[in-house]
Amino acid sequence: MREDRSEMSEDDDSASPSDLGGDATETSSNISRTSPVPGGGGEYVSPYPDQVLENVLENVLMFLTSRRDRNAASLVCKSWYRVEALTRLDLFIGNCYSVSPRRVTERFLRVLSVTLKGKPRFADFNLMPPNWGAHFTPWVAAMAYSYPALEKLHLKRMSVTDEDLGILAHSLSSFKELVLVCCDGFGTSGLAIIASKCRQLRVLDLIDDEVRDDEVDWISCFPEEGTSLESLIFDCVDCPINFEALERLVARSPSLKKLSLNRYVSIGQLYSLMIQAPQLTHLGTGSFSSSEIVAQGDQEPDYVSAFAASRSLVCLSGFREIIADYLPLIYPVCANLTSLNFSYANIDAEQLRSVIRHCHKLQIFWVLDSVCDEGLQVVAATCKDLRELRVFPIHAREDSEGPVSEVGLLAISEGCRKLQSLLYFCQRMTNAAVIAMSKNCPDLVVFRLCIMGRHRPDHITDEPMDEGFGAIVKNCKKLTRLAISGLLTDKAFSYIGQYGKLVRTLSVAFAGDSDMGLKHVLEGCPRLQKLEIRDSPFGDTALHSGLHHYYNMRFLWMSACSLTRQGCKELAQQMPLLVVEVINGDGREEERDEFVDILYMYRSLEGPRADLPNFVKIQ
Amino acid sequence: MEGGVVYESGLNLKATELRLGLPGTDESEKQTTFNIRNNKRPSPDTVEDCGSSGSSDDKHGGHETAPAAKAQVVGWPPIRSYRKNSFQAKKIEVETGIYVKVSMDGAPYLRKIDLKVYKGYPELLKALENMFKLTIGEYSEREGYKGSEYAPTYEDKDGDWMLVGDVPWDMFMSSCKRLRIMRGSEARGLGCSI
């Protein structure tokens, strides 16, 4: 689990790239061009005015880290453009198809850190057929050649092969940080190459990736003489690891601060690691259970003291197969925790209470709805500093019972006034509770409510959920990310268009009555960048109402709506800088005559991409 | 066929009966499956194919072209598969029970029972007695199943054959792989004093 703020508003253009990594960007990198020195032979030669300007600019621009500021600076004039391009150290590419590797490496010559994002988010939920694209290979080739000093790479939703990782490892001698989020295409053999060849590696964070089990003991591949590892996160690598090797690795990694284990590590093994590394600040506990049944009276290690000795722990996660009896072990660290992830822990309200009542400093909390409304009430009573709450469903089905409801939401809104980010899955909700939250939590930046039953109205009044979401966009003046659900009419969209002036990301599912809904949003939300819509009755007319805005957006996704190929074609003709992909959701090639399955469109400097699979047609 | 049907244990005939009402209008059927292929307990997959979801369909039929039974929709709710699967496995354990084979010395075929159905050893032993028409008797720590010709044993996770009753019930449930009812001299060897 990442506790970084970027999770809250992912497309925050004004965010400094340093927010993504959680560490300060080093501005101490010494890029100063050699300026002409007055001649050593006694003759004073005045440097050209352009040269002076450029030197000054360089030194000033060094301090500009926000990409938004840099983008602005680069537009001033050619000279500023040139200097900015030479001094940009952190590259952020929100859509890997918006620009080509060659164009990037030709403009920016000295880059130390690259962030690259690929597939659209709905691909996470199996809505995109496999092999759609977002291949890392062309990028790694270009970067290996043009950025040999590259230190950091942060990839999200990219397809990365073992060969790609091999090229990275062999070409980049200063490589320090690899962060892979929601990526796939590689296996433990790729990890082995990274571990063994990247001798300066400080960060290896694997988050929600699909990692193939090649039965390679990658943990043993780290350098024998010691590592500079500060962060090793591999809870998503779902295969057994060589525990003895891991123990030795931790023992020879004195800088290790963040460690997140997978579910193959038992609590006994966790104990051994913890006593080796009491300096940890972030810990993912693995299974948090025993592989053997421990009968009463058996000697168990002194787990409590291991936790008590970890005085620096501020972030706890894991608990993949938790045995609730072990919960009390973490009591000693609760008072210091700012981040706690129980989203894999099937615990009830009472069990949660025993832990949460100590967690006064908690700012980020992820939990399963198994704790019920009662559990959320306990959170509300204790965690006055809470900024981010995510409540996941243990039964992710439409027709399940749903142990959390408007009661829990209301309690949270009353107790956690500083809330900034919410993700809440439930089966029942009321407008009143959502309205209350909009008033109680004015700092909300991210509001994502998922009522799992499609088209479900307010379960008390039977009204659509329009007023609730309307209140959110109206009262939460800082809102940039919104996900709506439940029974929603065009009215909800008119509220969003009217009040959601800062909204950058909007997720819509099974909502709206007519084209007017989408029109309201496209015409009303000037900051809209990412719009993802599924199963809603919006057609070609609505699509065409956004022409004035599409070049300002990163992408538009519309699946199972009422768009026709003709409508998409016409759009593509009018907007030459847009790539308009029509995708068959089942991965088959044949053209459909009826409505388009998936429309995925994005601005791009490159035109249609060359790596199209046969189920994607560019209009 | 309408009206009440006699439940035969394990057959769940009600699930397969023909009715005129909409599926799901009978509350007690909410969780059953229209699975006429076999007599198994409903699995999570088939449960997803049926079941009512309350008023929203009836009131706003215009939005839903499908009939009242809701099939699971791809990618909804929006939870990553990794997360969904983490609990899928657990759910299966919880909902489908712990089935173990039971063999009895001399019997021509084996039986299968669901350990989850029993709250403890007394119920289990009673059930075994009924199933095989024999008497096992009472357990004592020192003497095992004294006085009985039979001894219930089980194979545990390590592959060892243990006497049923020695360990706490929960531990037994999680470590028992199969049951065997021993008889005769073998049985007497397991701690029965004569």
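Source: prediction; values computed, not measured. (Residues numbered from 1 in each chain as written. Chains lettered and ligands numbered in written order. Predicted model: local features only at pLDDT ≥ 70, side-chain atom pairs only at ≥ 80, totals over all residues. Heavy atoms only, no water.)

**A word on the overall build of chain B**
Helix and strand counts for chain B stand at six helices and five strands. Listed N to C, the secondary structure of chain B is α-α-α-β-β-α-β-β-α-β-α in terms of helices and strands. Within chain B, counting contacts between residues at least 6 apart in sequence, those at least 24 apart form 40% of the total. Looking at chain B as shown, the accessible area adds up to about 11800 Å², and 54% of this sits on carbon and sulfur atoms. (Helix = DSSP H or I, 4+ residues; strand = E, 2+ residues; numbered from the N terminus. Contact = heavy atoms within 4.5 Å. Areas by Shrake-Rupley, 256 points an atom, 1.4 Å probe, with all protein chains shown as cover.)

**A closer look at the confidence of the model for chain A**
Of the residues in chain A, 91% have a pLDDT of 70 or more, and the chain-wide mean is 90. Counted against residues more than four places away or in other chains, residues 1-41 of chain A, with its pLDDT under 50, gives 79 contacts. (pLDDT = per-residue confidence, 0-100.)

**Digging into the pairing of strand β2 (residues 111-114) of chain B**
Pairing geometry for strand β1 (residues 99-104) of chain B and β2(B), over four bridges, is antiparallel. Bridge pairing in β2(B) links B:Val102 to B:Arg111. (Pairing = 2+ DSSP bridges.)

**Considering the packing of aromatic side chains**
Applying the stated criterion to the full structure yields 28 aromatic pairs over all chains. Taken together, a centroid distance of 4.9 Å and an interplanar angle of 70° make the contact between A:Phe319 and A:Phe342 edge-to-face. Placement of A:Phe319 in the loop between β11 (315-317) and α12 (331-334) and of A:Phe342 in strand β12 (residues 339-342) is noted, with a sequence separation of 23 residues between them. For A:Phe342, a relative accessible area of 0% gives the class buried. Through pairs of rings, three or more aromatic residues link up here, namely A:Tyr97, A:Phe122, A:Phe125, A:Trp132, A:Phe555, A:Trp557, A:Tyr600 and A:Tyr602. In this structure, B:Arg83 packs its charged tip against the face of A:Phe392, placed 3.8 Å from the ring centre. (Phe/Tyr/Trp six-rings, centres within 6.5 Å; stacked < 30°, edge-to-face > 60°. Buried < 20%, exposed > 50% of the residue type's maximum accessible area, 1.4 Å probe, protein only. Lys NZ or Arg CZ within 6 Å of the ring centre and 35° of its normal.)

**Notes on the side chain of A:Asp164**
Residues and elements named next belong to chain A. In this fold, Asp164 is placed in helix α7 (residues 162-171). Of the buried charged residues, Asp164 lacks a salt bridge, with Arg212 as the closest side chain of opposite charge at 10 Å. Here Asp164 is in contact with Phe136, Thr137, Val140 and Ser159, once residues within four sequence places are set aside. (Lys, Arg positive; Asp, Glu negative; His and termini not counted. Salt bridge = Lys/Arg side-chain N within 4 Å of Asp/Glu carboxyl O.)

**Examining the sheet that holds strand β4 (residues 161-163) of chain B**
Residues and elements named next belong to chain B. What the five strands build is an open sheet, ordered β2-β1-β5-β3-β4; its pairing is mixed. The sheet terminates laterally at β2 and β4, the two strands that pair on one side only. For this sheet, the mean inter-axis angle between neighbouring strands, taken without regard to orientation, is 35°. (Axes fitted to C-alpha atoms, helices over the stretch in contact; angles between N-to-C directions.)

**Considering the pairing of strand β1 (residues 90-93) of chain A**
Residue and element names in this part refer to chain A. Here β1 shows a buried face lined by Asp90 and Phe92 and a second buried face lined by Leu91 and Ile93. Pairing geometry for β1 and strand β2 (residues 113-117), over four bridges, is parallel. Along β2, the bridge assignment pairs Asp90 with Ser113. In this fold, the crossover linking β1 to β2 by way of helix α5 (residues 101-107) has right-handed handedness. (Right-handed = clockwise from strand over helix to strand, strands pointing away.)

**Let's talk about the UniProt feature "domain: Transport inhibitor response" (unreviewed entry) in chain A**
Listed under "domain: Transport inhibitor response" (unreviewed entry) in the UniProt record, and renumbered for this structure, are residues 110-155 of chain A. Overall, residues 110-155 of chain A shows 22% helix and 20% strand. The separation of its end C-alpha atoms is 19 Å. (UniProt positions renumbered as here; feature names shortened; annotations may be inferred.)

**Looking at the environment of B:Arg183**
Residue and element names in this part refer to chain B. By the element assignment, Arg183 lies in strand β5 (residues 178-183). Under the relative-accessibility criterion, Arg183 is labelled partly exposed at 36%. The spacing of Arg183 and Pro77 is 106 residues in sequence and 54 Å in space, taken between C-alpha atoms.

**A short note on the environment of A:Ala381**
Residues and elements named next belong to chain A. Tracing the backbone through its elements, the reader meets Ala381 in helix α14 (residues 372-382). Since its relative accessible area comes to 54%, Ala381 is described here as exposed. Once the C-alpha coordinates of Ala381 and Ser220 are considered, the two residues, 161 residues apart in sequence, prove to be 46 Å apart.

**Structural notes on helix α8 (residues 188-197) of chain A**
Note on helix geometry: an α-helix contains 3.6 residues per turn, so any two residues three or four positions apart are oriented the same way. Residue and element names in this part refer to chain A. Judged by how many residues are buried, α8 sits mostly within the fold: seven of ten residues are covered. Along α8, the residues classified as buried are Thr188, Gly190, Leu191, Ala192, Ile194, Ala195 and Ser196. Buried-residue contacts for α8 involve α7, β4 (177-181), β5 (186-187), β6 (203-207) and β7 (211-212).

**As for helix α4 (residues 121-132) of chain B**
All names here are of chain B. Helix length check: α4, at twelve residues, gives a terminal C-alpha distance of 16 Å against a target of 16 Å (1.5 Å per residue), a fit within 8%. Along α4, the positions that sit buried rather than exposed are Tyr121, Leu124, Leu125, Ala127, Leu128, Glu129 and Phe132. Residues of α4 that are buried in the fold lie against β1, β2, β3 (150-155), α5 (169-175) and β5. Of the residues one or two after α4, Lys133 is the one with positive phi, at around 55°. (Expected span 1.5 Å × (residues − 1).)

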